[in-house]
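Here is what each chain is made of, one letter per residue.
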Amino acid sequence: MSPTARTPRPGGTGTPAPAAYIVTGPTSGIGRRAALELAEHGTVVLVGRSADRLAEVREVIERRGGTAVAVVCDLAEPASVRRAAAEIVTLGLPIAGLLNNAGIAQVAPTTNSLGWDTTFATNHLGPFALTEALAPHLPDGAQVLFVCSGVEDPTRKPAVMAGFRGGRYVSAEASARGEWEPGGSKLPGGDAYATSKQCSLATVLAFSRELPRLRINGVEPGFNPGTGLGRDSNLALRLLGRFVLAPLAPFIKYWSTPGTAGRVIARILTDGGDRPTGTGVYYDEKGRPMRGSALVHEPEFDDRVVAETRALLAQVPA
Ligand SMILES: NC(=O)c1ccc[n+]([C@@H]2O[C@H](COP(=O)([O-])OP(=O)(O)OC[C@H]3O[C@@H](n4cnc5c(N)ncnc54)[C@H](OP(=O)(O)O)[C@@H]3O)[C@@H](O)[C@H]2O)c1
C-alpha cells in the first residue's frame, strides 16, 4: 500500500480519511508484527527505547512502501513518557489508534530511576501515563488498545497451570515498591507481571467509562512462546520457547504467534471504519470478547487503581 494509505471514514461515505497509529514496543515480537500490519493502513508512530531498533523497523516499513516515524521513549520512566507524548502531539498526525503493547516479564526484579518496580512501571504506569497525555489530542472514536494478559485472572486454567495466581494488587504505591498481596505465585516475577497486567485491564475498563468519546479496549494476545518476553529466563527455557513451543503454537488452544496476534490487533484497531467496535471490550487471542477476572469487573476496584495510579504519577516532578 502507498505511503499515503487511507482508512475509510466512519459513517461509510467512502471519503478517505488519513490515519496514523501509535505502537509502543514495535521492535520485537507481537508489537513488531502489529506495526507492520498497521503500516498497511497508515503512518505508524514507532515508540520504543532504542533509536537503532526503531530505525530498523522504520526501514522495513519504508522498504514496503509505508511511512513511519520513530519516537524514543522508555516506558518505564514517567518523565520519558511525558516527553514522548509531547513529541507525538507536535507531529500533528491524525491519530486513529494507540496500541499500548510494550511490556516486560522480569525473572529478577529491577527498579527504574525513581526506585519503582520496573515491571509495574513498564507494563502499567507507562501505558497509563501515555494514554492520559495523548487522550485530549485524540479525535472522537479513536481506538486505544492495551495488550493485557490472561494471567491477571486467578481462575484462568492455563495461567494457573503455568504457575500464576492472578493479580496481587495491594495499592499502586505498594506495587511501585514491588510488594504484592501475600500467598501469590512461586514463579519468579509472576506476581509483578500478573498485577501489572490486571492494573492495565482495570485501566481499560475505568477509562472506557471516563472517556466514552474514545474506544478503549484490551486484548489478551494468547501465549506466544519465543518472543523476547522471556529474555531474562535461562538459555534452556529460551531455546525451548523458540524452537520447540513456538512451532506448536498454531495448534494449541489459548496459544498464538506474533503474526496472528499482530493481525488480530490490527483488525481491532482498524475495523472501526466499517464495523465500529465498542469500548470497554476485552478481546481474546482470536479477537473474540472474553471476560477477565471477577475483580476487574468491580468498578470500585478499577476506579481505585486509576485514582492511586494518578496519585503515584503526580509525585513525579514535572
Ligand atoms: N508473549 C506472550 O506469550 C504474551 C502473552 C500475553 C501478553 N503478552 C504481552 O504482549 C506484549 C508484547 O510482548 P512480546 O511477547 O511481543 O514481547 P517482546 O518480544 O519482548 O516485545 C516487547 C516490546 O516491548 C518493548 N519494551 C520493553 N520495555 C520497554 C520500555 N521500558 N520502554 C519501551 N519499550 C519497551 C521492547 O523493546 P526492546 O526491543 O527495546 O526490548 C519490545 O519492543 C507485552 O505487553 C506482553 O506482556 C505477551
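Analysis parameters
Residues numbered from 1 in each chain as written. Predicted model: local features only at pLDDT ≥ 70, side-chain atom pairs only at ≥ 80, totals over all residues. Heavy atoms only, no water. Helix = DSSP H or I, 4+ residues; strand = E, 2+ residues; numbered from the N terminus. Rg over C-alpha atoms; globule rule 2.2 N^0.38 Å. Buried < 20%, exposed > 50% of the residue type's maximum accessible area, 1.4 Å probe, protein only. Areas by Shrake-Rupley, 256 points an atom, 1.4 Å probe, with all protein chains shown as cover. Lys, Arg positive; Asp, Glu negative; His and termini not counted. Charge placed at Lys NZ, Arg CZ, Asp CG, Glu CD. Salt bridge = Lys/Arg side-chain N within 4 Å of Asp/Glu carboxyl O. Near = heavy atom within 4 Å. Polar contact = N/O pair within 3.5 Å; in protein donor to acceptor, adjacent residues only side chain to side chain. Nonpolar A, V, L, I, M, F, W, Y, C, P; charged D, E, K, R; others polar. Pairing = 2+ DSSP bridges. Contact = heavy atoms within 4.5 Å. Axes fitted to C-alpha atoms, helices over the stretch in contact; angles between N-to-C directions. Parallel < 35°, antiparallel > 145°, perpendicular 65-115°, else oblique. Left-handed = near helix turned anticlockwise from the far one by under 90°.

**Brief notes about the overall build of the protein**
When helices and strands are tallied, the protein shows ten helices and nine strands. Taking 318 residues into account, the globule formula puts the C-alpha radius of gyration at 20 Å, and the protein, at 18 Å, falls close to it. By principal-axis analysis of the C-alpha atoms, the protein measures approximately 55 × 45 × 35 Å. With 318 residues in all, the protein has 52% of them scored as buried. Looking at the protein as shown, the accessible area adds up to about 14000 Å², and 57% of this sits on carbon and sulfur atoms. The average position of the 33 basic charges and that of the 30 acidic charges among the side chains of the protein differ by 6 Å.

**Points about the pattern of salt bridges**
Applying the stated criterion across every chain, the model contains eleven salt bridges. Across the salt bridge formed by Arg213 and Asp140, the nearest N and O atoms sit 2.9 Å from each other. Of this pair, Arg213 sits in the loop between helix H7 (190–210) and strand S8 (215–219) while Asp140 sits in the loop between helix H4 (118–134) and strand S7 (143–147), placing them 73 residues apart in sequence. Exposure remark for Arg213: the relative accessible area of 32% places this residue in the partly exposed category. Among the salt bridges present, the one from Arg177 reaches Glu179, with a minimum N-O distance of 3.0 Å.

**A few points about the site of the ligand**
The full set close to the ligand counts 31 residues, and Thr27, Ser28, Arg53, Tyr193 and Thr227 are the nearest of them. Contact between the ligand and Arg53: an oxygen atom at 2.6 Å from a side-chain N or O atom of the residue. Protein contact buries 97% of the 890 Å² of open area that the ligand shows by itself. Elements represented by at least two residues in the shell around the ligand include exactly helix H1 (29–38) and H7. Partitioning the shell around the ligand into residue classes produces 13 nonpolar, twelve polar and six charged.

**Some remarks on the sheet that holds strand S6 (residues 95–100)**
The strand order across the open sheet formed by seven strands is S5-S4-S3-S6-S7-S8-S9, and the pairing between neighbours is parallel. Edge strands, defined here as strands with exactly one partner in the open sheet, are strand S5 (68–72) and strand S9 (282–283). In this structure, S8 lies alongside S9, joined through two bridges in parallel fashion. When the bridges of S9 are listed, Gly218 appears paired with Tyr282. Helix-sheet contacts for helix H3 (residues 78–91) involve strand S3 (20–24), strand S4 (43–48) and S5, and the interaxial angle to S5 is about 155 degrees.

**Examining the side chain of Arg156**
Assignment of secondary structure puts Arg156 in the loop between S7 and helix H5 (157–161). Within the local environment of Arg156, its side chain forms a polar contact with the side chain of Glu220, the two groups lying 3.4 Å apart. Setting aside residues up to four positions removed in sequence, Arg156 forms contacts with Gly150, Glu220, Tyr254 and Met290.

**Focus on the packing of H1 against helix H9 (residues 258–270)**
Viewed as axis vectors pointing N to C, H1 and H9 meet at an angle of 50 degrees, and their least axial separation amounts to 8 Å. Viewed along their axes, H1 and H9 adopt a mutual orientation that is oblique. In this structure, the crossing between H1 and H9 has a hand that is right-handed. For the pair H1 and H9, the contacting residues are Gly29, Ile30, Arg33, Ala34, Glu37 and Leu38 in the first and Pro258, Gly259, Ala261, Gly262, Arg263, Ile265, Ala266, Leu269 and Thr270 in the second. Residues belonging to the contact of H1 with H9 are distributed by class as follows: eight nonpolar, four polar and three charged.

**Focus on the packing of H4 against H7**
Running from amino to carboxyl end, H4 crosses H7 at an angle of 15 degrees, the nearest separation of the two axes being 7 Å. In terms of orientation, H4 lies roughly parallel with respect to H7. Taken as a pair, H4 and H7 cross one another with a handedness that is right-handed. Across the interface between the two elements, Thr119, Phe120, Asn123, His124, Phe128, Thr131 and Glu132 of H4 pack against Ala192, Tyr193, Ser196, Lys197, Cys199, Ser200, Thr203 and Phe207 of H7. Tallied by class, residues from the contact of H4 with H7 come to six nonpolar, seven polar and two charged.

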